[in-house]
Amino acid sequence: CEIGPGRPDVLIVGAVKAGTTALFGALSRGRKEVYYFNNDDRYERGVDFYADQLRCGDVDATPLYLVHPVALQRAALDVPWATWIVLVREPVDRAFSHYNMLLRFAANERRRKGATGPDDSEFEEVIAPEVACYHATRAGFEDCVRTRVGGTFAELLPPEGKLKEFGALNGLLSQGMMAPQLERARAFGPAKLLAVSQRALYDDGSAVLRALLALLGREPTGAPLRRYESLSDHTHFDTHDGAGPFGGHRHRVNATTLARLDALFERPNRALARILFSCGTTTVVDATVGFRDHDAHWLPQCPDPPDL
Ligand SMILES: Nc1ncnc2c1ncn2[C@@H]1O[C@H](COP(=O)(O)OS(=O)(=O)O)[C@@H](OP(=O)(O)O)[C@H]1O
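Residues numbered from 1 in each chain as written. Predicted model: local features only at pLDDT ≥ 70, side-chain atom pairs only at ≥ 80, totals over all residues. Heavy atoms only, no water.

## Examining the overall build of the protein
Counting its regular elements, the protein contains ten helices and five strands. Each of the 308 residues in the protein was classed as buried or not, and the buried ones make up 55%. When contacts within the protein are restricted to residue pairs at least 6 apart in sequence, long-range pairs at least 24 apart make up 78% of them. Here the protein displays about 13600 Å² of accessible surface, and carbon together with sulfur accounts for 49% of that area. (Helix = DSSP H or I, 4+ residues; strand = E, 2+ residues; numbered from the N terminus. Buried < 20%, exposed > 50% of the residue type's maximum accessible area, 1.4 Å probe, protein only. Contact = heavy atoms within 4.5 Å. Areas by Shrake-Rupley, 256 points an atom, 1.4 Å probe, with all protein chains shown as cover.)

This is the structure we're talking about:
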């Protein structure tokens, strides 16, 4: 199974914690997260290595590609025929889900290093350095964080310490500012750039999958779109069993922090809505799936231009 037109056919390039595993599972039976374009060592091993990692699958789902400084540039050059899919999730839910995952990884790391005591890092403490940076500079994506994006998830964590001591390294907030990420992705010139709503995928999976398969010109694999459980551990997460609607995580964030985050994301969310709903902007995404009915609580429909 060589790399060439059609292989890979689809790159699910982001965002982290936006349903990439579920979508990948319905599109492909290969291996998720091959970390090819975002990992210098692996990239240097070349396309045969890439083909080997894909295990004859034709979908590469590596959500860190989206925020990596050169991964998408490499992908545009090496597999120019591929369609890129970006899954988009409400940024506070996304950040909290990401925090849950990192907390678990950090706890494993601490145990491995023989550290005693639990990792008691609260969400508020973990995002504090990023919040402070945004308020101090009004900077946006990439200016306030030096996200660790070059390696695998296991390499994202400093070897010791608690999550709250890692500063803004993991970009829990910046990764939810998706307008500049989509604009940057478009500038690299992918064959097609599609944006899919995580929430629609969760709430109305089969309709979203049908629409997406039609856009991609792909046949169903027969694999169901699963609602799988979060990676989150139980001290920070009330399990959702995959049956009922998913309530998100906003109610787990204290009211003051939530208000601050909503204020912080207001302009980024408006910018994103303008891109997704083509509100007077140049075309950034070729098509969107979901959103209008499912994301109205955080994405304003064709918002007014922001105040200057
Ligand atoms: N079918 C379906 N559609 C949409 N979203 C789903 C679906 N199934 C699971 N989930 C939720 O996806 C969250 C994990 O996202 P990812 O798979 O992208 O995580 S990762 O970046 O690969 O680690 C994770 O979010 P949290 O539960 O908030 O942690 C999952 O609950």
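## What about the environment of Pro63?
Looking at the secondary structure, you find Pro63 in the loop between β2 (59-61) and α4 (71-78). You can call Pro63 buried: its relative accessible area is 3%. Along the primary structure Pro63 and Gly14 are separated by 49 residues, whereas in three dimensions their C-alpha atoms are 3.7 Å apart. Aside from chain neighbours lying at most four places away, what touches Pro63 is Ile12, Val13, Gly14, Ala15, Val16, Thr20, Lys32 and Glu33.

## Examining helix α7 (residues 178-187)
Among all positions in α7, only Met178, Ala179, Gln181, Leu182, Arg184 and Ala185 are buried. Packed against the buried residues of α7 are α4, β3 (83-88), β4 (192-197) and α10 (255-276). In the stretch just after α7, Gly189 is the one whose phi turns positive, near 80°.

## As for the pattern of salt bridges
Evaluation of the coordinates by the stated rule reveals twelve salt bridges. Among the salt bridges present, the one from Lys162 reaches Asp120, with a minimum N-O distance of 3.1 Å. With Lys162 in the loop between α6 (123-137) and α7 and Asp120 in the loop between α5 (91-112) and α6, the pair connects residues that are 42 residues apart, well separated along the chain. Using a relative accessible area of 18% as the deciding quantity, one classes Lys162 as buried. (Salt bridge = Lys/Arg side-chain N within 4 Å of Asp/Glu carboxyl O.)

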